[in-house]
Amino acid sequence: MMSELIRKYALPVPRYTSYPTAPQFTADVVGDTYETWLENLAPAANLSLYVHIPFCEALCWYCGCTTKATRQYAPVQNYLRSLVNEISRVTSHTRPSQTVSQIHWGGGSPNILRDDDVLRLVDALRAYFSVEDDVEFAVEVDPRTHTSERTEAFMRAGVTRLSIGVQDFDEGVQRAINRVQSFETTRAVIDGFRSYGVGSVNIDLVYGLPKQSVASTLRTIKKVLELRPDRIALFGYAHLPKRITHQRLISQEDLPDAVDRYQQSKQLAERLIEAGYVRIGLDHFALPTDPIATAPARRNFQGYTRDDSDALIGLGASAIGKLPQGYIQNATATHDYSRRVRDGGLAVVRGHTLSDEDRMRALVIERIMCDLKFPADELSRCFGERAAHLFEAAAELLRDDKDGLVAPSGRGFKVTSRGRPFVRTIAAYFDAYLERKAVLYSTGV
């Protein structure tokens, strides 16, 4: 029976790290729009910074991130100059009274930066923004190219949380995705950061990769548990070779089918819960001592987070920001990004201005993704009678669900254990931008 549900509801719907999602962004939002939005932030607004480093030494074939491979450091140095210039441009429209409580460096591989450039970049952030003394500072690291000197540089920069991509420790899987990374190498990097007192360690795993099986993923999770990370994210591999050209190096025949993917994620989740981890939303797990295990979870472009800042400032090529008025995204290609910054403006090329309808649906989708329930009380408190049609939609979903994915709860519904694997599909029911609106009807698959 579960295999039938998987084939029925494992639909290609968004991850909902934002609503509306990035495909809905348009060129109606440009640099002038962004300047106005920044200038209209509240004087005491709390900010979060995302800094994108779009370089790796080699491409992993499964990767869907915006990055490029380089063996030369000159392009990285040139990019950093543009990045610092963008930081200066952005802060010419913000205020010193607006403080930064969260910083995240992603990529790509931020540890491609040389030690002195790690410190130069963080110095620029602190010089232009009012960064809080106890800022939460996360950085993504590729263990394969890391050094102990780089660890020291990151810790001197103030990093408090380490995020490491593992994906899978099985050598056959690693060769199939062009990412050979030993357990010993990974452990050495984690131990190095812990010896310097890093506060939290996150490990990313991916299921649904080529050559993967339930047995191989269970071997991987056994090794991961030896490392005892504070957080673990389990992402499903999205095979999009028409859009991501290097994924064409992965054979479709090597990929597990939808039922195998489900079994991999299910077995991984069960092992983590048995090991004492708390499940957060769809695919994140945390030790009970980690703040995200007790604080209300939120959803942003890094996945599940406890970041509740008033605005997310995206810096770097392809970076996305979120402000009260809407979303912005920078130019994706590094040369285009640098040219726009060099020409004296901001690098924004597209975005989306939020309507009240967007905000209502964003609240519903985020809370379904995080809490696995329809946020009836919060929706009423924030929007009153304007949200009546969403309550009607929730009632319609309950009435038409024939497979027990949701159950009545208060004035809305909650996602059942049977429905949890399909929480994105349930959230998609409230997405006004999707053409397929009957995703949960018994007749609509």
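What counts and what doesn't
Residues numbered from 1 in each chain as written. Predicted model: local features only at pLDDT ≥ 70, side-chain atom pairs only at ≥ 80, totals over all residues. Heavy atoms only, no water. Helix = DSSP H or I, 4+ residues; strand = E, 2+ residues; numbered from the N terminus. Rg over C-alpha atoms; globule rule 2.2 N^0.38 Å. Buried < 20%, exposed > 50% of the residue type's maximum accessible area, 1.4 Å probe, protein only. Expected span 1.5 Å × (residues − 1). Salt bridge = Lys/Arg side-chain N within 4 Å of Asp/Glu carboxyl O. Phe/Tyr/Trp six-rings, centres within 6.5 Å; stacked < 30°, edge-to-face > 60°. Core = buried A, V, L, I, M, F, W, Y, C linked by side-chain atoms within 4.5 Å. Contact = heavy atoms within 4.5 Å. Polar contact = N/O pair within 3.5 Å; in protein donor to acceptor, adjacent residues only side chain to side chain. Disulfide = S-S within 2.5 Å. pLDDT = per-residue confidence, 0-100.

*Asks:* Report on the overall build of the chain, specifying residues and quantitative values.
*Replies:* Of the regular secondary structure elements, the chain holds 14 helices and 18 strands. Compactness check: the chain gives a C-alpha radius of gyration of 22 Å against a globular reference of 22 Å for 445 residues, within 12% of the reference. With respect to the three principal axes, the spread of C-alpha positions in the chain is 60 × 50 × 40 Å. In the chain, buried positions account for 56% of the 445 residues.

*Asks:* Could you give an account of helix 3 (residues 74-91), with specific residues and numbers?
*Replies:* Taking 1.5 Å of rise per residue, 18 residues should cover 26 Å, and helix 3 covers 26 Å from first to last C-alpha, within 8% of that figure. Buried residues of helix 3: V76, Y79, L80, S82, L83, E86, I87, V90 and T91, and no others.

*Asks:* Pulling in residues and values, what's your account of the pattern of salt bridges?
*Replies:* For the coordinates displayed, the defined rule picks out 26 salt bridges. Here R120 makes a salt bridge to D116, at a shortest N to O gap of 3.8 Å. Residue R120 and its partner D116 are located together in helix 4 (residues 115-128), separated by four residues, close to a single helical turn. Relative accessible area serves as the criterion here: at 48%, R120 is assigned to the partly exposed category. The closest approach of N and O atoms between E396 and R399, which form a salt bridge, is 3.9 Å. Residue E396 and its partner R399 are located together in helix 13 (residues 388-400), separated by three residues, close to a single helical turn. Through salt bridges with shared partners, one network takes in R298, E366, R367 and D371.

*Asks:* Account for the packing of aromatic side chains, naming residues and giving values.
*Replies:* Applying the stated criterion across every chain, the model contains 13 aromatic pairs. A ring pair is formed by F55 and Y79, whose centres lie 5.5 Å apart and whose planes are at 75 degrees; its orientation type is edge-to-face. With a gap of 24 residues between them, F55 in strand 2 (residues 55-56) and Y79 in helix 3 connect regions that are remote in the sequence. With relative accessibility at 2%, the residue F55 sits in the buried group.

*Asks:* Lay out the nonpolar core with the relevant residues and their values.
*Replies:* Among the nonpolar cores identified, the biggest contains 75 residues, and W105 and F129 are the most heavily contacted of them. By residue number, the principal contributor to this core is helix 3, which donates six residues. Setting aside chain neighbours within four positions, we find F129 in contact with L47, L49, I87, V90, T91, V100 and L315. Counting residues in each nonpolar core, the second largest holds 44 residues, with Y9, L282, M360 and F422 among its members.

*Asks:* Report on helix 9 (residues 258-274), specifying residues and quantitative values.
*Replies:* Here helix 9 contains 17 residues, and its C-alpha end-to-end distance of 24 Å stays within 8% of the 24 Å for a straight helix at 1.5 Å per residue. Those residues of helix 9 lying buried are V259, Y262, Q264, S265, Q267, L268, A269 and L272. Contacts from the buried residues of helix 9 go to helix 1 (2-9), strand 7 (200-207), helix 8 (214-227), strand 8 (231-236), strand 9 (278-280) and strand 10 (284-286). The N-terminus of helix 9 is capped by D257, whose side-chain oxygen sits 3.2 Å from the backbone nitrogen of V259.

*Asks:* I'd like a description of the state of the cysteines, backed by residues and values.
*Replies:* Across all of its chains, the model carries zero disulfides by this definition. With no disulfide partner, C65 has as its closest neighbouring cysteine sulfur the one in C63, 3.7 Å distant. Judged by relative accessible area, C65 falls into the partly exposed class, the value being 42%. For the unlinked cysteine C370, the closest cysteine sulfur is that of C382, found at 15 Å.

*Asks:* Describe the side chain of N330, with residues and values.
*Replies:* Position of N330 relative to the elements: it lies in strand 15 (residues 326-330). A relative accessible area of 0% means that N330 is categorised as buried. Here G316 takes part through its backbone oxygen, which lies 2.9 Å from a polar atom of the side chain of N330. If sequence neighbours within four positions are ignored, N330 has contacts with E86, G314, L315, G316, S318, A319, Y337, A347, V348 and V349.

*Asks:* Which residues make up unusual backbone geometry, and what values go with them?
*Replies:* Negative phi is the rule for most residues except glycine; trans is the rule for most peptide bonds. Cis geometry marks the peptide bond from Y19 to P20; its omega dihedral reads -5 degrees. Turning to its location among the elements, P20 is positioned in the loop between helix 1 and helix 2 (31-39). Note the cis peptide between G107 and G108, where omega equals 15 degrees. Checked against the element boundaries, G108 lands in the loop between strand 4 (99-107) and helix 4. In this model, K211 sits at a positive phi of 70 degrees, which is unusual for a non-glycine residue. One can find K211 in the loop between strand 7 and helix 8. Here L372, not a glycine, exhibits a phi torsion of approximately 60 degrees, which is positive.

*Asks:* I'd like a rundown of the environment of Y196, residues and numbers included.
*Replies:* One can find Y196 in the loop between helix 7 (183-195) and strand 7. Along the chain, Y196 and A376 lie 180 residues apart, while their C-alpha atoms are 45 Å from each other. Setting aside anything within four residues of it in sequence, one finds Y196 in contact with T151, E152 and M155.

*Asks:* An account of the side chain of K8 is needed here, citing residue identities and associated values.
*Replies:* On the secondary structure map, K8 appears in helix 1. The class of K8 is buried, set by a relative accessible area of 16%. Of the polar contacts made by the side chain of K8, one reaches the side chain of D403; its length is 2.9 Å.

*Asks:* Hey, could you go over the confidence of the model for the chain for me, with residue numbers and the actual values?
*Replies:* Per-residue confidence for the chain gives a mean pLDDT of 94; residues scoring 70 or more make up 98%. Confidence drops under pLDDT 50 across residues 437-445; counting only partners more than four residues distant or on other chains, this segment forms 30 contacts.

*Asks:* For the environment of I177, give the residues involved together with the corresponding values.
*Replies:* For I177, the position within the fold is in helix 6 (residues 171-177). Sequence separation between I177 and A362 is 185 residues; the distance between their C-alpha atoms is 34 Å. In this structure I177 touches C60, W61, Y62, Q167, L209 and P210, once residues within four positions along its chain are discounted.

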